[in-house]
Amino acid sequence: MAEYTFREIEKKWQAYWEKNQTFLAKVNPDKPKFYTLDMFPYPSGAGLHVGHPLGYIASDIVARFKALKGFNVLHPMGYDSFGLPAEQYAIQTGQHPAITTEQNITRYTEQLKNIGFAFDWSKEVRTSNPDYYKWTQWIFMKLFNSYYDQDADKALSIESLISKFETIGNASVKAVCDDETPTFSADEWNAFSDQEKQEMLLKYRLTFLAETTVNWCSALGTVLSNDEVKDGFSERGGHPVERKKMMQWSMRITAYADRLLKGLDKVDWSEPIKEMQRNWIGKSIGAEVIFDVKDSEEKIKVFTTRVDTIYGVTYLALAPESDLAAALITEDQREQAEAYIEVAKNRSERERMSDVKTISGAFTGSYAINPFNGEEIQIWVADYVLAGYGTGAVMAVPAHDERDYNFAKHFDLEIRQVIEGSMEEGSFPGKDGYIINSGFISNMYMKEAMIKAIEFLEEKGIGKGKIQYRMRDAIFTRQRYWGEPLPVYFKEGLPYLVDEKDLPLVLPEVDKYLPTEDGEPPLARATDWTYKTADGEFPLEKSTMPGWAGSSWYFFRYTDPKNESEFADKAKTDYWGSVDLYIGGSEHATGHLLYSRFWTKFLYDLGVVSIDEPFQKMINQGMIQGRSNFVYRVKGTNQFVSHGLKDQYDTFAMHVDVNIVYNDQLNLDKFKAWRPDLADAEFILEDGKYICGSEVEKMSKSKYNVVNPDDIIERYGADTLRLYEMFLGPLEQFKPWNTNGIDGVFKFLRKLWNLYHNNAGEFQVSDAEPSQKEYKALHKAIKKLEEDMENFSFNTSVSSFMICVNELTALKSNKRKILEPLAILISPYAPHITEELWSLLGNEESITKATFPAFDESYLVESSFEYPVMINGKMRVKINLDLSLSKDQIQEAALADETVKKWLDGKAPKKIIIVPGKIVNLVV
Ligand code: ANZ
């Protein structure tokens, strides 16, 4: 008798797929392509928990579905394998991170294969592999050798910039560069020393070395990116983070800000994610205005988005970190102002920004002069002004800006309106467009007023129009070991690239993975970390690349992972194009997505790829939360009281391992064996059971609520796990893992299995023609699946499979013409059981090579109808009749009905109106 022996069946098919290379991404020129991608994992030491595969299962279903629908599918998997945890572990244990990484990858791969994913493993990439990071280094070199040309609106080679400098200098060159880049003529350029030229070019290169304020985490010994810092602490480990000036490599991502914004209109992502990207980029159109300082040579430049309000400026405010602020403090204000600055500096910008209640600041004692009307206004230092945004100085217009208003109120400064009500009735154009009446700008909409004001500024040489982005250039170095070395050496303090033929520049061996005693990065421990050229031997860069380097282009490498001469063959990246479906967590909404879009646009400018947006459609799966269980210890004892009785005692709740709890009932023996201190635990039971409390929390080791997919697979099988993860709810939703419903899913698969087997458990299907009802049950499910795949609604497909199998079971259907397409239909979700059934049906090839069953609408057309029978205008009964009946036959059937006869009471109806397919109307 053939039971549904899931473990055997699953292992058999996993071995079959591996042996037959079933999921190799093949290119059949007659078929369209579909590229489905998962955000690749960092292989952590803890292995996968049930939350991780959620997105992978969804993309696997889509990949399998698309293959059945006749697409060439690329569905790869790999590892983002450089990173902090392996390094922290190496520091603690002395184990080389490459070894732990390798072990973790082996474990991950086993776990993934156990779930039956249709990954093309021949395409696997690992970012920490020298064959891979050779090309990450190569991209870095290309960025170093490029600048952003604003006329061409793209990256161009640094050589072309040099030839411009040689012929026309830089004054008329429109290129993105550092803020304070000096102007020079062609003659001056040509007279520069090599050293001076290199220094100047660094101000233009798309990756450059400059002194930057960074988030320095001394506990981790490294710089962190903004998205790795939460409220002044490192996201990993929760160590304090301070702002510090350091020489750092940066990526000039701001050059791409506008294209990164515009590109969002072309992609199919959720609005909230697009909005997060827009906010991160934070484009503001405004102007820089220069204010003179009274009795001083100093000038203050402010950035404003409302230059039209300049007549309402009543004071200037500077960031407390500003050097200028310190210089402007007069003797009589010194004590107060310096005391304030001291306090403010110890608060991070984030802290100062998020705290809107505390209004603090100090008057410097100096005055600025409004360039528009010559008025003298006070210069203040204020908490709400950020050093890192715009110019770090604001012209305050309390009547029109809330923060200025609050500040002015607090310190009793003047509040002056600039808008006068001289507009015509009904013409008030709303918030952005009131009419200005301020001397030279009269009766004009704000936008025009702005343009006028900016023209005025530029004419008078007191300012200029300026587009400001909130986004900063991205810091590109870490003082860490486990990352890509930068292919850079230093000669006379200036950076030069190593020769391309020397790539990959392989990570050197070191004796310890810690920074050196004098604070140098771990690579300083390597004995031979130098670069030999014809001119001599030079020190190599000791920092490594950040975590986001390798993940910013991996989707290209998947198309051609073994290429040794190029980062990927253009014909291949062209063929697979943009990722058609990208699934991953929304925690990467800013960092990873911005960086990979930036690199894609850069590679596009280079002409080495043909797409400039990497991810066409993206879905962000919700997190699977843990469902924690609790036991209640009676304080000061080793007694544990069951949930229902706990209020009768003085207890405290303790997390208990969810793996020794079944449907909230604690396994007492396993509990005693769980930890030595619990061996002599005593229990106060209810109804002979110990019932645990429960709560939904983040899935984490410390909460003992981590569920390992391997355990679920051992008990129920991978197909059950896959279906169950989908069944939990809409993919995007956050939802708790609750094993209580898993039996239902498992039973469904058994029922499916039984459809193909007789009562004796033997495989048996019939070649007889199915009934209309059987066809209808099948085609309803086909239709639903097609719709669900369009909308990426996975949970609803599982329900429709259940309905279909229930209906077919009720109909005792065992027809081949139903069961063959049914297996194909369910195969993307439950690939193992359906492979087995498919082969039992006599098919020699894998079910993955089948064709998706065609939906036939005609099966859904109803064959019968519930006719309402009206007698003298009242509905008295409904009778079910075949829709093919003629009017006469309907009449005959209606009159023969017992209820109708009762109402007619032996009388013949005077009038009979019959509308086929609608109604029967009798008048007596
Ligand atoms: C005068 C003014 C009048 C302003 C008004 C606003 C409204 P966004 O849109 O975010 O770019 N600002 C400029 N630099 C700042 C800094 N470093 N820290 C804090 N605030 C700063 O905001 C730009 C506006 O924020 C600028 O325009 C400036 O105030 C302020 F009715 O200038 B505004």
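Since the structure is predicted, the reported quantities are computational estimates derived from the model, not experimental observations. (Residues numbered from 1 in each chain as written. Predicted model: local features only at pLDDT ≥ 70, side-chain atom pairs only at ≥ 80, totals over all residues. Heavy atoms only, no water.)

A.B. asks: I keep staring at the overall build of the chain and nothing clicks. Help me out?
C.D. replies: Along the backbone of the chain there are 29 helices and 37 strands. In terms of overall dimensions, the chain has a C-alpha envelope of 115 × 80 × 75 Å along the principal axes. The contacts of the chain with a sequence gap of at least 6 include a subset with a gap of at least 24, amounting to 71%. Looking at the chain as shown, the accessible area adds up to about 42100 Å², and 49% of this sits on carbon and sulfur atoms. Measuring between centres, the 107 positive side-chain charges of the chain sit 6 Å from its 138 negative side-chain charges. (Helix = DSSP H or I, 4+ residues; strand = E, 2+ residues; numbered from the N terminus. Contact = heavy atoms within 4.5 Å. Areas by Shrake-Rupley, 256 points an atom, 1.4 Å probe, with all protein chains shown as cover. Lys, Arg positive; Asp, Glu negative; His and termini not counted. Charge placed at Lys NZ, Arg CZ, Asp CG, Glu CD.)

A.B. asks: Can you walk me through helix α23 (residues 742-755) in this structure?
C.D. replies: Note on helix geometry: an α-helix contains 3.6 residues per turn, so any two residues three or four positions apart are oriented the same way. Look at α23: 21 Å from first C-alpha to last across 14 residues, which is about the 20 Å you get at 1.5 Å a residue. The set of residues buried in α23 consists of I742, V745, F746, F748, L749, L752, W753 and L755. The inward-facing, buried residues of α23 abut α1 (6-20), α21 (709-716), α22 (718-727), α25 (794-810), α26 (816-826) and α27 (831-840). (Expected span 1.5 Å × (residues − 1). Buried < 20%, exposed > 50% of the residue type's maximum accessible area, 1.4 Å probe, protein only.)

A.B. asks: Which parts of the structure should I look at to understand the UniProt feature "domain: Methionyl/Leucyl tRNA synthetase" (unreviewed entry) in the chain?
C.D. replies: UniProt marks residues 40-145 with the feature "domain: Methionyl/Leucyl tRNA synthetase" (unreviewed entry), using the numbering shown here. Annotation note: span residues 40-145, helix share 56%, strand share 3%, distance between end C-alpha atoms 29 Å. (UniProt positions renumbered as here; feature names shortened; annotations may be inferred.)

A.B. asks: Looking at this structure, I do not really get the pattern of salt bridges. What am I missing?
C.D. replies: Once their charged atoms are close, side chains differing in charge can pair, the charge on each being opposite to the other. Tallied over the full model, the rule gives 55 salt bridges. Residue D60 pairs with R722 through a salt bridge whose shortest N-O separation is 2.8 Å. Separated by 662 residues along the polypeptide, D60 in helix α2 (residues 53-68) and R722 in helix α22 bring together distant segments of the chain. Residue D401 is joined to R403 by a salt bridge in which the shortest nitrogen-to-oxygen separation is 3.9 Å. A relative accessible area of 23% means that D401 is categorised as partly exposed. With relative accessibility at 46%, the residue R403 sits in the partly exposed group. (Salt bridge = Lys/Arg side-chain N within 4 Å of Asp/Glu carboxyl O.)

A.B. asks: Any chance you could explain the site of the ligand here in plain terms?
C.D. replies: The immediate surroundings of the ligand are formed by 18 residues, with S284, T304, L386, Y389 and R470 found nearest. Taking T305, its main chain carries an N or O atom lying 2.9 Å from an oxygen atom of the ligand. Contacts to the ligand include R403, whose side-chain N or O atom sits 3.4 Å from an oxygen atom. Coverage of the ligand by the protein amounts to 87% of the 650 Å² it exposes when considered alone. (Near = heavy atom within 4 Å. Polar contact = N/O pair within 3.5 Å; in protein donor to acceptor, adjacent residues only side chain to side chain.)

A.B. asks: Before we go on, may I ask you to explain the sheet that holds strand β34 (residues 864-871) in this structure?
C.D. replies: Through backbone hydrogen bonds, the strands of a sheet pair up, either in parallel or in antiparallel fashion. Here 4 strands make up an open sheet; going across it, the order is β35-β34-β37-β36 and the pairing mixed. The sheet is open, and its two edges are formed by β35 (874-882) and β36 (911-915), each paired on a single side. Here the average twist between neighbouring strands, direction ignored, is 20°. Alignment of β34 against β35, held across 8 bridges, turns out to be antiparallel. Residue pairing across strands places F865 opposite L881, the latter belonging to β35. Set on the sheet, helix α28 (residues 887-896) makes contact with β34, β35, β36 and β37 (919-923); between it and β36 the angle comes to about 120°. (Pairing = 2+ DSSP bridges. Axes fitted to C-alpha atoms, helices over the stretch in contact; angles between N-to-C directions.)

A.B. asks: Please clarify how the UniProt feature "domain: Aminoacyl-tRNA synthetase class Ia" (unreviewed entry) in the chain should be interpreted in this entry.
C.D. replies: UniProt feature "domain: Aminoacyl-tRNA synthetase class Ia" (unreviewed entry): in the numbering of this structure it lies at residues 694-724. Secondary structure across residues 694-724 comprises 48% helix and 13% strand; the distance between its end C-alpha atoms is 20 Å.

A.B. asks: Would you mind going over the pairing of β34 with me for this structure?
C.D. replies: Sheet faces and side chains relate simply in a regular strand, where the side chains alternate between the two faces. Hairpin connection, β34 to β35: the antiparallel pair is bridged by 2 residues, and N872 has positive phi, about 50°. Alignment of β34 against β37, held across 3 bridges, turns out to be parallel. Its bridge partner lying in β37, V869 is registered against V920.

A.B. asks: Where do I start with the sheet that holds strand β24 (residues 581-585) in this structure?
C.D. replies: Ordered in space as β2-β1-β24-β25, the 4 strands form an open sheet in which the pairing is parallel. Taken across any chain shown, the strands that pair with only one partner, and hence form the sheet edges, are β2 (72-74) and β25 (618-621). Within the sheet, the average angular offset between the axes of one strand and its neighbour, ignoring direction, is 20°. Bridge count for strand β1 (residues 33-38) against β24 is 3 bridges, and the pairing is parallel. When the bridges of β24 are listed, D38 appears paired with I583.

A.B. asks: Hey, could you run me through the packing of aromatic side chains in this one?
C.D. replies: Remark: the centre distance and the inter-plane angle together describe each pair of aromatic rings, the angle taken between the planes. Taken as a whole and assessed by the stated rule, the structure comprises 66 aromatic pairs. The interplanar angle of 20° and the centroid separation of 4.0 Å between the aromatic rings of Y582 and F615 together place this pair among those described as stacked. Placement of the pair is Y582 in strand β24 and F615 in the loop between α19 (591-606) and β25, with a sequence separation of 33 residues. Per residue, the accessibility class of Y582 equals that of F615, and both read buried. (Phe/Tyr/Trp six-rings, centres within 6.5 Å; stacked < 30°, edge-to-face > 60°.)

A.B. asks: How should the nonpolar core be read in this particular structure?
C.D. replies: Soluble globular proteins: nonpolar side chains tend toward being buried together. Counting residues in hydrophobic clusters, the biggest one holds 91 residues, and the most contacted among them are F476, Y554 and W599. In terms of residue count, the dominant contributor to this core is helix α5 (residues 130-144) (9 residues). Residue contacts for W599: discarding those within four places in its chain leaves T136, I139, L143, M251, F476, W548, A549, S552 and W553. If you look at the next biggest cluster of nonpolar residues, it comprises 88 residues, including F6, A58, V73 and I833. (Core = buried A, V, L, I, M, F, W, Y, C linked by side-chain atoms within 4.5 Å.)

A.B. asks: Mind showing me how you'd approach the environment of H52 here?
C.D. replies: Position of H52 relative to the elements: it lies in the loop between β1 and α2. Sequence separation of H52 and P41 is 11 residues, and the distance between their C-alpha atoms is 8.6 Å. For H52, the side chain forms a polar contact with the main-chain nitrogen of H49, separated by 2.9 Å.

A.B. asks: I'm lost on unusual backbone geometry in this one. Help?
C.D. replies: With the exception of glycine, the majority of residues adopt a negative phi angle, and the majority of peptide bonds are in the trans configuration. The step from L503 to P504 runs through a cis peptide bond, and the omega angle for that step is -5°. In this fold, P504 is placed in the loop between β21 (494-497) and β22 (530-533). In this structure, Q21 is a non-glycine residue whose phi angle is positive, near 50°. Note on placement: Q21 falls in the loop between α1 and β1.

A.B. asks: Explain the side chain of D657 here, please?
C.D. replies: Relative to the elements of secondary structure, D657 occurs in the loop between β28 (651-656) and β29 (661-662). The buried charged residue D657 lacks any salt bridge, with K670 as its nearest oppositely charged partner at 9.4 Å. At a separation of 2.9 Å, a polar atom in the side chain of D657 contacts the main-chain amide nitrogen of N659. Those residues in contact with D657, other than ones at most four positions away along the chain, are W674 and Y704.

A.B. asks: Could you clarify how one ought to interpret the side chain of S813 in this entry?
C.D. replies: The residue S813 is located in the loop between α25 and α26 in this model. Of the residues examined, S813 reaches a relative accessible area of 2% and is grouped as buried. There is a polar contact of 2.4 Å between the side chain of S813 and the side chain of E774. In this structure, S813 is in contact with L755, E774, L808, I818 and L819, ignoring residues within four places of it in sequence.

A.B. asks: Can you walk me through the environment of M141 in this structure?
C.D. replies: As for its placement among the helices and strands, M141 is situated in helix α5. Residue M141 is classed as buried on the basis of its relative accessible area of 5%. In this structure the C-alpha to C-alpha distance between M141 and S827, which are 686 residues apart in sequence, comes to 46 Å. When near neighbours in sequence (up to four residues on either side) are disregarded, M141 contacts P487, L497, V498, D499, E500 and L503.

A.B. asks: What is the right way to look at the packing of α21 against α22 in this model?
C.D. replies: Helix-helix packing is characterised by the crossing angle of the two axes and by the distance between the axes. Relative orientation of the contacting elements α21 and α22 amounts to 120°, with a least axis distance of 7 Å. Residues P709, I712, I713 and Y716 of α21 touch α22, and the partners they reach there are A718, T720 and L721.

A.B. asks: Just checking my understanding: could you explain α1 for this structure?
C.D. replies: Compared with an ideal rise of 1.5 Å per residue, which puts 15 residues at 21 Å, α1 spans 21 Å between its outermost C-alpha atoms and is within 8% of the ideal. Among the structural elements, α2, α4 (97-114), α21, α22, α23 and α27 are those in contact with the buried residues of α1. Directly after α1, the chain includes Q21, whose backbone phi takes a positive value near 50°.

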